[in-house]
Amino acid sequence: MAEKRFRVLPGFGLTMGFTLFYLSVLVLVPIAGLFLRTFSLSWADFWRLATTERALAAYQLTFGASLAAALINAVFGTLLAWVLVRYDFPGRRLIDALVDFPFALPTAVAGLTLANLFAANGWLGQFLVPLGIKGAFTPLGVVIALTFVGMPFVVRTLQPVLEGLDRDVEEAAATLGAGRLRTFVSVIAPTLLPPVLTGFALSFARAIGEYGSIVFISGNLPKQTEIAPYLIVVRLEEYDYAGAMTLAVVLLIISFVLLGLVNLTEQWANRFTR
Amino acid sequence: MAAIPQRKLTAGQRKSQRGTEESPFVKWTLITVALLFALVFLLLPLVNVFAQAFAKGTTVYWEALKHPNTLSAMKLTLLVTAVCVPLNALFGLAAAWAITKFEFRGKSLLVTLIDLPFSVSPVVAGLMFVVLFGLQGYFGEWLADRNLKIIFAVPGIVLATLFVTFPFVARELIPIMQAAGSDQEQSALTLGANGWQTFWHVTLPSVKLGLLYGIILCIARCVGEFGAVSVVSGHITGKTDTVPLHVEKLYNEYQGAAAFAVASILALGALLTLGVKTWLEWREQRLEELAQQAEAEVVDA
């Protein structure tokens, strides 16, 4: 460790300089610019623009749908990760490779195909719509799209943990007379909780800012199926810059708080692994 | 660290482990539910893209792809990708070198800042560049006086794409280079190599898989970015429409089959991305196995 202080390797100035320059120009200056412009508004104006009835409805949908999608992913993503790691069945490798598909697929295509699947004449919609389950142009559609884009987070966070799980501990539990359910609840579940929480938080954070997949499936009706990022675009198209920036700052602050929470969860999780 | 390979157990050994396995009923119920979830949220959306793309026949499909507006959207997307990926790859290499080979204060803050674009909504990212370079923005007047256009033009699309794909390469490289340490580089320097030689012949070969992986993710996102680009593009048909924006426009103009046809190209790209990623992971695993085998043979000898 000590020799590192002498900086034997060259290039610190060059690489660090370029890193800081590039980071500042592309990330820090734009973020600071947005905050500075927004804070030139008076507090009263900011508050009024941030809490219009339409904005409140948009936040509510964004958070409600993101939470629902993250919960669905936490449950079914965990199940999928478990099945992929623990069991052998035909098509396992294909599904395993496909888990990253939502990451790789452009969000616009995701929205397009999901809207079509759940529409009244779509493959799934033709069965679901008669049952009263309308997936397209409803808040449910928003949840569906957000579940799709957030799913890999839970599965991919959980998989390495499941693979690294020590089977000896389960054997010990079984030897001591625990049934399979008891072993799962008292031995396996506690180890899985931190990565599930991390995956849940990542999926939730991603869902808050999601735009591309939702505009196709939600119908974007004001106060009904309009998400917060879409309202920003609407404000911008109305040349209402103050309104757009205010909503953007609210979203940014929420994202940063979430990022902090994700980091805290990860630190908490790492405490257990060490 | 000789890990016991779980999958190589014989049937007899497996049975003896019954205490640590679920009953077949539970097992197959879990598999069925998980597969249903994967079917609805992974397989059907994928297959549906191609089914809808060809729903009105191959003629409509090819017409949509050959349309001048589609071709110009593809050209723009390729141009943006060709500019953004090398820049972010260069940044990723520089940032990973600075962060992993040296000790300095504020390192964890720097890593957090590099990840920041991931937690910014794409729409907000686009808006930031409008605030900077739009007509009413900080540099709006200055740019207008000089007849320069950034927003509603290609430079704005490039900037927004750079922002959203900013962390991809860096975040792949940092953990790999951290794990590798800098002993090899130090040896190379001791043996008389200069800094560049060390980088080209020692560091780069050892991180090339990670670099390639980061670049692939970066390309996928560059091609597919929608929200950020949508805000800064201005949607001028044939000029500032990228492929995803063109898909949206076709969809809004009730040309569903054409929208799906263009979308199918993007979906093919996504499948290609997955294929290369799976291949890279397989290769890495294989290399590790070979290394373990060689190690075992040396120990035996």
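About the thresholds
Residues numbered from 1 in each chain as written. Chains lettered and ligands numbered in written order. Predicted model: local features only at pLDDT ≥ 70, side-chain atom pairs only at ≥ 80, totals over all residues. Helix = DSSP H or I, 4+ residues; strand = E, 2+ residues; numbered from the N terminus. Rg over C-alpha atoms; globule rule 2.2 N^0.38 Å. Buried ≥ 20, exposed ≤ 12 C-beta atoms within 10 Å, placed from the backbone. Contact = placed C-beta atoms within 7 Å. Expected span 1.5 Å × (residues − 1). Bend = angle between axes of the 7 residues up to and from the residue. Core = buried A, V, L, I, M, F, W, Y, C linked by C-beta atoms within 7 Å. Axes fitted to C-alpha atoms, helices over the stretch in contact; angles between N-to-C directions. Left-handed = near helix turned anticlockwise from the far one by under 90°. Nonpolar A, V, L, I, M, F, W, Y, C, P; charged D, E, K, R; others polar. pLDDT = per-residue confidence, 0-100. Parallel < 35°, antiparallel > 145°, perpendicular 65-115°, else oblique.

## Some remarks on the overall build of chain B
Within chain B one finds 14 helices and zero strands. Taken against the 2.2 N^0.38 rule, which gives 19 Å for 301 residues, the C-alpha radius of gyration of chain B at 25 Å runs more than 25% over that of a compact globule. Summarising its shape, the C-alpha atoms of chain B cover approximately 75 × 60 × 30 Å along the three principal directions. Considering chain B as a whole, with its 301 residues, one finds that 42% of them fall into the buried category. The long-range fraction of contacts in chain B, counting pairs at least 24 apart against all pairs at least 6 apart in sequence, stands at 75%.

## Quick look at the overall build of chain A
What chain A contains, in helices and strands, is 13 helices and zero strands. For chain A, the N- to C-terminal ordering of α and β elements is α-α-α-α-α-α-α-α-α-α-α-α-α. Viewed in the frame of its principal axes, chain A has a C-alpha envelope of about 70 × 70 × 35 Å. Taken across its 274 residues, chain A has 46% of its residues classed as buried.

## Digging into the interface of chain B and chain A
With 75 residues of chain B at the interface, the matching set in chain A holds 76 residues. Among the elements that line the side of chain B that touches chain A, the one with the most residues is helix α2 (residues 24–53) of chain B, at 17 residues.

## Let's talk about the environment of B:G195
Residue position: B:G195 is located in helix α11 (residues 195–224). With 105 residues separating them in the primary sequence, B:G195 and B:L90 have C-alpha atoms 16 Å apart.

## As for helix α8 (residues 139–164) of chain A
With 26 residues, α8(A) extends 38 Å between its outermost C-alpha atoms, agreeing within 8% with the 38 Å of an ideal straight helix rising 1.5 Å per residue. Its maximal kink placed at A:G150, α8(A) deviates by approximately 40°, while the proline A:P152 follows within four residues.

## Examining the nonpolar core
A:I232, A:A248, B:L127 and B:A263 are the most contacted members of the largest nonpolar core, which totals 160 residues. Setting aside its immediate chain neighbours within four residues, A:A248 contacts A:L34, A:I232, B:V124 and B:L127.

## Looking at the packing of helix α4 (residues 68–101) of chain B against α11(B)
All names here are of chain B. In contact at an axis separation of 9 Å, α4 and α11 are set at 145° when each is read in the N-to-C sense. α4 and α11 meet at a crossing whose hand is right-handed. Here T77, V80, T81, C84, V85, N88, A89 and G92 of α4 come into contact with α11, specifically with G214, I215, C218, I219, C222 and V223. In terms of residue class, the contact of α4 with α11 is made up of nine nonpolar, five polar and no charged.

## Re the confidence of the model for chain B
Residues and elements named next belong to chain B. In this model, chain B carries a mean pLDDT of 90, and residues with pLDDT of at least 70 account for 94%. By mean pLDDT, the top-scoring element of chain B is helix α8 (residues 154–164) (97), and the lowest-scoring one is helix α1 (residues 11–16) (50). Counting interchain partners and residues more than four positions distant, the pLDDT-below-50 stretch residues 1–5 has zero contacts. Both confidence scores are given for the complex: pTM 0.90, ipTM 0.90.

## Here we look at the confidence of the model for chain A
Averaged over all residues, the pLDDT of chain A equals 91, while 96% of them reach at least 70. Residue range residues 1–5 of chain A is modelled with pLDDT below 50. Its contacts to residues more than four positions away, or to other chains, number three contacts.

## Quick look at the packing of helix α6 (residues 107–118) of chain A against α2(B)
When two helices pack together, their arrangement is captured by the angle between the axes and the distance separating the axes. Remark: α6(A) packs on α2(B), axes separated minimally by 9 Å, with the N-to-C direction vectors making an angle of 85°. The orientation of α6(A) with respect to α2(B), classified from their angle, is roughly perpendicular. In this structure, α6(A) uses A:V109, A:A110, A:T113, A:L114, A:N116 and A:L117 to contact α2(B), whose residues at the interface are B:L44, B:P45, B:N48, B:V49 and B:Q52. Counted by class, the contact of α6(A) with α2(B) contains seven nonpolar, four polar and no charged residues.

## With respect to unusual backbone geometry
All names here are of chain B. One non-glycine residue with positive phi stands out, namely H235, at about 55°. Look at H235 and you get partly exposed, because 14 C-beta atoms sit within 10 Å. A positive phi angle, close to 60°, is found at Y254, a residue other than glycine. Counting through the fold element by element, Y254 comes out in the loop between α13 (243–252) and α14 (256–300). On the basis of neighbour counts, which here come to 8 C-beta atoms within 10 Å, the residue Y254 falls in the exposed class.

## Overview of α2(B)
Residues and elements named next belong to chain B. Under the 1.5 Å per step criterion, the end-to-end length of α2 is 41 Å for 30 residues, consistent within 8% with the ideal 44 Å. The principal kink in α2, of about 45°, is found at L39. Taken together, the buried positions of α2 are I31, A34, F37, A38, F41, L42, P45, N48, V49, Q52 and A53.

## Re the environment of B:I176
Residue and element names in this part refer to chain B. Structurally, I176 can be placed in helix α9 (residues 168–180). Sequence separation between I176 and V85 is 91 residues, and the spatial gap between their C-alpha atoms is 20 Å. Leaving out residues up to four positions away in the same chain, I176 has contacts with V207 and G210.

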